[in-house]
Amino acid sequence: MEQQIDVGKVATNGSGNLLPLFDERSGMGRLQAIVAGQWFPPEVDPRLEREEMVLTIKDFCLWYGEAQALFNISMKIPHGKVTALIGPSGCGKSTLLRSVNRLNDLVDSVRVSGEMTLYGDSIYDKGVDVIELRKRMGMVAQKPNPFPMTIYENVIYPLRIDGINDRKVLDEVCEKSLRGAALWDEAKDRLQQSALGLSGGQQQRLCVARAIASEPEMLLMDEPCSALDPIATAKIEDLIDQLRGSYTILIVTHNMQQAARVSDYTAFMYLGQLVEYGPTPSLFKKPRLKETEDYISGRFG
């Protein structure tokens, strides 16, 4: 016999549609309720409110055609900190990350509702210049994607497309960015060689150098170590630690140990919903929700 759920209340998503609100009295666990199509407010640690916020997401929903992928996401990303998005494959981590710089616009069937603001500026208003928006955010993809050109030209590419050709400026930015990406010592004598000749780990650090060359307000990293060996992964993690404070970093990772090592705050997502969000040490050692504990301890996912 199918269980009847008394949801009691409803929530409204960004389109004004009613969503059934999870009720503890249903006898279901939260994750079961999510699978059954229920929605409930995430558990957010109040310590986040003490932070200066860079990115604010409110009631954000996203659909691929008729299939909804994100449900009422509301969260804030603090200045100068590393925030990790964790959760099982298909939970919406990368979809949310790609929504921040509107890469999902490239998919014809995508539609969104709700709000996102970067330092108070709307990301999704109709008048937003998407190219200018993306210049405010550096993006590092899953797999290293250097351009088929020299190391030097890879790094200063963001300045080239802005029409900057002053050699002194370009040289200074190249060195500063490569130093910032912990790659200068390995690349300084190879600047005019092809970037494709670098190792995978070096290529990923080169992509970080390219991302920070234009001094973005945020760095978005989508599983930046998933294609790297353990040694290269350790170097990228060290680099993230060095960039902390100078940049606000939002990182998607499938590796919970990595999230625990590199991030200040962690958000646990499940099937397109934000479940729990708080300081990384607290979330990993003493999460507020049993469901978060079950995922972190490997009981599911």
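Keep in mind it's a predicted model, so treat the numbers as computed, not measured. (Residues numbered from 1 in each chain as written. Predicted model: local features only at pLDDT ≥ 70, side-chain atom pairs only at ≥ 80, totals over all residues. Heavy atoms only, no water.)

Remarks on the overall build of the chain
Within the chain, the regular secondary structure consists of eleven helices and 13 strands. Here the chain has a C-alpha radius of gyration of 20 Å; the compact-globule value for 301 residues is 19 Å, and the two agree. In terms of its C-alpha atoms, the chain occupies a principal-axis envelope of roughly 70 × 45 × 35 Å. Relative to its 301 residues, the chain shows a buried fraction of 50%. Within the chain, contacts between residues separated by at least 24 positions form 66% of all contacts whose residues are at least 6 apart in sequence. When the accessible area of the chain is evaluated, it comes to approximately 14,300 Å², of which 49% is carbon and sulfur surface. Averaging the positions of the 34 positive and the 40 negative side-chain charges in the chain gives two centres separated by 2 Å. (Helix = DSSP H or I, 4+ residues; strand = E, 2+ residues; numbered from the N terminus. Rg over C-alpha atoms; globule rule 2.2 N^0.38 Å. Buried < 20%, exposed > 50% of the residue type's maximum accessible area, 1.4 Å probe, protein only. Contact = heavy atoms within 4.5 Å. Areas by Shrake-Rupley, 256 points an atom, 1.4 Å probe, with all protein chains shown as cover. Lys, Arg positive; Asp, Glu negative; His and termini not counted. Charge placed at Lys NZ, Arg CZ, Asp CG, Glu CD.)

Side note on the side chain of glutamine 204
With respect to the helices, strands and loops of the structure, glutamine 204 is situated in helix α7 (residues 200-212). Each residue touching glutamine 204, except ones within four places of it in the same chain, is listed here: Val140, Ala141, Gln142, Lys143, Pro144, Pro224, Leu228 and Ile236.

Focus: the packing of aromatic side chains
Throughout the structure, instances matching the rule amount to four aromatic pairs. Centroid distance phenylalanine 147 to tyrosine 157: 4.9 Å. Interplanar angle 65 degrees. Geometry classified as edge-to-face. On the criterion of sequence distance, the pair formed by phenylalanine 147 in the loop between β9 (137-140) and α4 (151-160) and tyrosine 157 in helix α4 is long-range, its members being ten residues apart. Pairing tyrosine 265 with tyrosine 277 gives two aromatic rings, centres 6.5 Å apart and planes at 65 degrees, and the pair type is edge-to-face. Placement of tyrosine 265 in strand β12 (residues 265-270) and of tyrosine 277 in strand β13 (residues 273-279) is noted, with a sequence separation of twelve residues between them. Note on tyrosine 265: relative accessible area 6%, which makes it buried. Cation over ring: arginine 111 sits above tryptophan 63, and NZ or CZ is 4.2 Å from the ring centre. (Phe/Tyr/Trp six-rings, centres within 6.5 Å; stacked < 30°, edge-to-face > 60°. Lys NZ or Arg CZ within 6 Å of the ring centre and 35° of its normal.)

Some points on α4
In an α-helix, one turn spans 3.6 residues; hence positions three or four apart end up facing the same way. Counting buried positions along α4 gives seven out of ten residues, so the element sits mostly inside the fold. Residues of α4 that are buried sit in contact with α5 (167-180), α6 (184-187) and α7.

Quick look at helix α2 (residues 93-100)
Most of α2 is tucked away: six of the eight residues are buried. Every buried residue of α2 is accounted for by Lys93, Thr95, Leu96, Leu97, Ser99 and Val100.

Considerations on the pattern of salt bridges
On inspection of all chains with the given rule, the structure shows 19 salt bridges. Note that glutamate 153 and arginine 160 form a salt bridge whose closest N and O atoms lie 2.8 Å from each other. Taking the relative accessible area as the measure of exposure, glutamate 153 reaches 21% and is therefore partly exposed. For arginine 261, the salt bridge is made with glutamate 237, and the minimal N-O distance between the two is 2.8 Å. Pair noted here: arginine 261 is in helix α9 (residues 256-262) and glutamate 237 is in helix α8 (residues 230-243), with a separation of 24 residues, a long-range link. Judged by relative accessible area, glutamate 237 falls into the buried class, the value being 9%. (Salt bridge = Lys/Arg side-chain N within 4 Å of Asp/Glu carboxyl O.)

Let's talk about the pairing of strand β10 (residues 218-222)
In terms of residue burial, β10 counts as a mostly covered element, since five of its five residues are buried. Bridge count between β10 and strand β11 (residues 248-252): five bridges; the pairing is parallel. In the sheet register, leucine 220 faces β11, and the bridge partner there is leucine 250. In this fold, the crossover linking β10 to β11 by way of α8 has right-handed handedness. (Pairing = 2+ DSSP bridges. Right-handed = clockwise from strand over helix to strand, strands pointing away.)

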